[in-house]
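# A closer look at the structure
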Amino acid sequence: MTELRTLKVALLGCGNVGAQVARILIEDADTLAARAGAKLQLSGIAVRNVHAKRDVDLPQDLFTTDADTLVKDADLVIELMGGIEPARTLILSALRNGACVVTGNKALVAQDGPTLHEEADKAGVQLSYEAAVAGAIPILRPIRDSLAGDRITRVLGIVNGTTNFILDQMDTTGAQFADALAEAQRLGYAEADPTADVEGHDAAAKAAILASLSFHTRFALENVHCEGITSVTAADIAAAKDAGFVIKLLAIAEKLHVADTETGGGEGVSVRVHPTLLPREHPLAAVHGAFNAVFIEAENAGELMFYGQGAGGTPTASAVLGDLVSAARSLVLGGPGRTETTTGQVAALPIDAAVTSYYIGLDVADQPGVLARIAQLFAEHGVSIEIMRQTIHRDAESNVESAELRIVTHRASEAALAATVEAVKGLDVINSVTSVLRVEGV
Ligand code: NAP
């Protein structure tokens with residue numbers, strides 16, 4: 001038998017994910033060598049503090065604070081430090097030196113993807129980042145490779161476990177947002193500073209990556225309309241539940257044709273993150289706790305769903321090592337070939353051009369003719385109503401009756417819906433607009 005070639009692997013970062021990657025690289029060395037066609041030798045681990053206590057017992061002599069030197073001598077570089085710098089500079093340096101790079105850094109890929117890809121293409125090496133979106137779930141490679149012969153029309157993703165846990169808690173226990181967040185923090189699903197998760201920034205970075213791969217066009221973070229879950233109330237969840245819906249924070253990327261939009265000219269892609277009502281029978285409605293899932297609609301494949309753990313050291317390490325073996329195989333075979341295409345160049349649409357259904361909650365005076373006036377106003381703005389339900393309330397003290405009206409519309413543009421809501425607010429029979437939420441999957 002011919003002796004296998006040895007490839008040097010530099011690991012940058014030894015935290016939640018990095019420590020597990022190092023452990024598996026050492027423990028499963030023989031299996032990984034057989035899969036890759038080369039020995040994957042962990043040549044060093046760059047960290048800030050070489051003496052810090054680690055989750056895994058690893059040989060002390062592997063640790064260094066000199067990431068620059070480690071990267072220069074590697075065939076494969078795994079970046080699991082997170083953040084923009086020094087990760088960006090180290091990745092660029094690795095690519096320029098001809099090393100393949102694997103990273104889980106969604107923030108960096110979403111912000112600087114084009115520069116990193118340009119450098120990888122110039123050097124003829126692989127840049128892969130399966131772990132950056134939905135942790136353990138194989139989703140980027142299926143989009144990039146398995147669906148390369150199809151046309152994706154829409155991607156709906158639950159790509160942030162923290163917000164899914166919070167919304168699921170609110171749905172199952174009736175808790176308010178603040179209490180569900182506190183529970184998520186207590187269980188370690190949410191960080192002490194949960195801003196990046198609850199404001200939707202983490203999901204927005206993943207939405208930009210999903211949209212770029214799905215539509216063969218580079219979408220940047222600024223192309224993503226982003227709304228988090230901080231304003232979702234227990235009352236919103238209860239009303240949605242009552243109407244047969246569940247509220248999820250979705251990352252959405254969908255192709256829209258001009259006929260659907262008010263922007264005129266060509267087709268474009270709407271990329272957005274926002275709380276969304278889904279019918280309880282939709283496959284994504286069954287994604288509970290901190291799990292992730294991505295639902296894809298493609299012209300020929302139809303509907304596909306990918307489900308699994310979106311975070312955690314060991315699950316995420318699985319995605320990192322999959323990328324590593326694939327990159328090693330490419331080095332063994334003598335070149336990565338073309339891994340991503342960006343020939344689509346479809347326009348990123350503003351949020352006003354998004355087309356979806358809406359749920360609108362209204363507190364109205366209980367008077368004859370109110371429903372007809374509201375329905376007429378919707379019709380005048382070109383927004384057609386699918387469901388309208390009324391519940392009567394009587395105030396115990398004043399004995400005055402008011403009605404709660406819940407409306408679900410057919411698909412309409414964001415601009416038409418916004419104009420309708422403004423007009424509805426102007427009606428003298430409206431006490432308040434209690435909620436306006438987008439609906440998918442109806
Ligand atoms: P982490 O636990 O915070 O670990 C970061 C590691 O990087 C630490 O070992 C730290 O060294 C090292 N590091 C940070 N800055 C450094 C610097 N300037 N120089 C040298 N070393 C430095 O992070 P993580 O949770 O493993 O996440 C790593 C990456 O994977 C991030 O991009 C994250 O977004 C992504 N990711 C994570 C998950 C997950 O479940 N955690 C899931 C998907 C993707 P010290 O130990 O010495 O401080």
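Attention here is on the structure that accompanies the text. Along each chain, residue indices are assigned from 1 in the same order as the chain's sequence is written. Reporting in this predicted model follows two pLDDT cut-offs: at least 70 for local features of residues, and 80 or more for side-chain atom pairs to be given and counted; totals over whole chains, interfaces and linings ignore these cut-offs and use all residues. Heavy atoms throughout the structure, all of them, feed into the side-chain values; hydrogens and water do not.

### Concerning the overall build of the protein
Counting its secondary structure elements, the protein contains 14 helices and 18 strands. Scaling as 2.2 N^0.38, a compact globule of 442 residues should have a C-alpha radius of gyration of about 22 Å, and the protein matches this with 25 Å. Projected onto the principal axes, the alpha-carbon positions of the protein cover approximately 85 × 50 × 35 Å. Relative accessibility decides the category of a residue: with a 1.4 Å probe and only protein chains considered, values under 20% of the type maximum give buried, values over 50% give exposed, and everything between is partly exposed. Relative to its full complement of 442 residues, the protein shows a buried share of 52%. Of the contacts made within the protein by residues no fewer than 6 positions apart, 73% connect residues no fewer than 24 positions apart. Using a 1.4 Å probe, the Shrake-Rupley method yields the accessible areas, and only the shown protein chains count as cover for residues. For the protein, the exposed surface amounts to about 19100 Å²; the carbon and sulfur share of it is 49%. Counted as positive: Lys and Arg. Counted as negative: Asp and Glu. His and the chain ends are not counted at all. Note that the charge is assigned to NZ on lysines, CZ on arginines, CG on aspartates and CD on glutamates. Here the protein contributes 34 positively and 56 negatively charged side chains, and the mean placements of these two sets differ by 6 Å. In DSSP terms, a helix is any run of H or I states spanning at least four residues, a strand is any run of E spanning at least two, and both are numbered starting from the N terminus. The reference for a compact globule is 2.2 Å times residues^0.38; the radius of gyration itself is calculated from the C-alpha atoms. Here a residue-residue contact requires only that any non-hydrogen atoms of the pair lie within 4.5 Å.

### Overview of the pattern of salt bridges
Whenever a carboxyl oxygen of Asp or Glu lies within 4 Å of a side-chain nitrogen of Lys or Arg, that contact is scored as a salt bridge. For the coordinates displayed, the defined rule picks out 27 salt bridges. Among the salt bridges present, the one from Lys122 reaches Glu119, with a minimum N-O distance of 3.9 Å. Here Lys122 and its partner Glu119 are both found in helix H5 (residues 106–123), three residues apart, which amounts to about one turn of the helix. A relative accessible area of 11% means that Glu119 is categorised as buried. Several salt bridges share partner residues, and in doing so they unite Arg154, Glu254, Arg272, Glu297, Arg411 and Glu440 into one network.

### Description of empty space enclosed by the protein
Here the idea is plain: a probe the size of a water molecule rolls over the atoms and shows the empty space left. A pocket here means an open set of points on a 1 Å grid, computed over the protein atoms alone, that has protein on both sides within 12 Å along at least five of seven lines. A cavity is instead a set of points where a 1.4 Å probe fits but cannot get out; residues with an atom within 4 Å of a point line either one. Grid points are joined across faces, edges and corners, and a volume is the space filled by probe spheres set on the points. Within the structure shown, the criterion is met by one cavity of 30 Å³ or more. Space inside the largest cavity adds up to approximately 70 Å³. Contributing to the lining of the largest cavity are Ser128, Tyr129, Glu130, Leu140, Arg141, Arg144, Leu213, Asp323 and Glu340. Take the lining of the largest cavity: its biggest share by element is three residues, from helix H6 (residues 140–146). In the lining of the largest cavity, the residues fall into three nonpolar, one polar and five charged. For this scheme, ten residues count as nonpolar: Ala, Val, Leu, Ile, Met, Phe, Trp, Tyr, Cys and Pro. Four count as charged, namely Asp, Glu, Lys and Arg, and the remainder, Gly too, count as polar.

### Quick notes on the side chain of Ser214
Relative to the helices and strands, Ser214 resides in helix H10 (residues 201–214). Ser214 sits in the buried class, given a relative accessible area of 4%. Polar contacts involving the side chain of Ser214 include one to the main-chain carbonyl oxygen of Leu210, which spans 2.7 Å. In contact with Ser214, other than residues within four places in its own chain, are Ile143, Ile152 and Val155. Counting of polar contacts relies on pairs of N or O atoms within 3.5 Å, with two restrictions inside protein: one atom must be capable of donating a hydrogen and the other of accepting it, and residues adjacent in sequence are counted only when both atoms are side-chain atoms.

### Re the site of the ligand
As a matter of local geometry, the ligand sits amid 21 residues, with Cys14, Val17, Asn49, Arg54 and Gly312 nearest to it. Cys14 places a polar main-chain atom, nitrogen or oxygen, 2.8 Å from an oxygen atom of the ligand. A distance of 3.0 Å separates an oxygen atom of the ligand from a polar backbone atom of Asn16. Coverage of the ligand by the protein chains reaches 77% of its 910 Å² of free accessible surface. Its residues placed into classes, the shell around the ligand shows nine nonpolar, nine polar and three charged. For each residue, the test is whether any non-hydrogen atom lies within 4 Å of the molecule or strand; if one does, the residue is near.

### A short note on the packing of H5 against H10
To get an axis, fit a line to the C-alpha atoms, keeping to the stretch in contact for a helix; angles then go from 0 to 180 degrees between the N-to-C directions. Two elements in contact, H5 and H10, have axes whose closest approach is 9 Å; the angle formed by their N-to-C orientations is 50°. Between H5 and H10, the angle is such that the two are oblique. Of the two possible hands of crossing, H5 and H10 adopt the one that is left-handed. Taking contact as the criterion, the partners of Lys106, Val109 and Ala110 in H5 are, on H10, Asp202, Ala205, Lys206, Ala208 and Ile209. Split by residue class, the contact of H5 with H10 holds five nonpolar, no polar and three charged. When describing relative orientation, an angle under 35 degrees is termed roughly parallel and one over 145 degrees roughly antiparallel, while 65 to 115 degrees is termed roughly perpendicular and anything else oblique. Crossings are classed by handedness, with left-handed meaning an anticlockwise turn of the near helix from the far one by less than a right angle and right-handed meaning a clockwise turn.

### Some remarks on the nonpolar core
Ranked by size, the top nonpolar core spans 116 residues in total, and within it Val21, Leu25, Leu40, Ile45 and Ile139 carry the most contacts. If sequence neighbours within four positions are ignored, Ile139 has contacts with Glu130, Val133, Ala134, Leu210, Val294, Ile296 and Phe306. By size, the runner-up hydrophobic cluster in this structure holds 21 residues, among which are Val364, Phe378, Leu417 and Val421. Throughout, nonpolar core names a set of buried Ala, Val, Leu, Ile, Met, Phe, Trp, Tyr and Cys residues whose side chains join them through atoms within 4.5 Å.

### Some details on the sheet that holds strand S4 (residues 76–79)
At least two bridges found by DSSP between two strands are what make those strands a pair. Read across the open sheet, the six strands follow the order S3-S2-S1-S4-S5-S6; overall the sheet is parallel. Sheet topology places strand S3 (63–64) and strand S6 (127–128) at the edges, where each strand pairs with a single neighbour. Note that S4 and strand S5 (residues 100–103) share four bridges and pair parallel. Opposite Val77, over in S5, you have Val101 as the bridge partner. Contacting strand S1 (5–12), strand S2 (38–46) and S4, helix H1 (residues 16–27) runs over the sheet at an angle of about 145° to S2.

### Observations concerning the packing of aromatic side chains
A pair of Phe, Tyr and Trp rings is counted when the ring centres sit within 6.5 Å of each other, with Trp represented by its six-membered ring. The angle between the planes then sorts it: under 30 degrees is stacked, over 60 is edge-to-face, the rest tilted. Within the structure shown, the criterion is met by two aromatic pairs. Ring geometry for Phe165 and Tyr189: centres 4.6 Å apart, planes at 40°, overall tilted. Remark: Tyr189 occurs in the loop between helix H8 (177–186) and helix H9 (195–198) and Phe165 occurs in helix H7 (residues 161–173); sequence separation between them is 24 residues. Geometrically, the ring pair formed by Phe291 and Tyr307 is stacked, given 5.2 Å between the ring centres and 5° between the ring planes.

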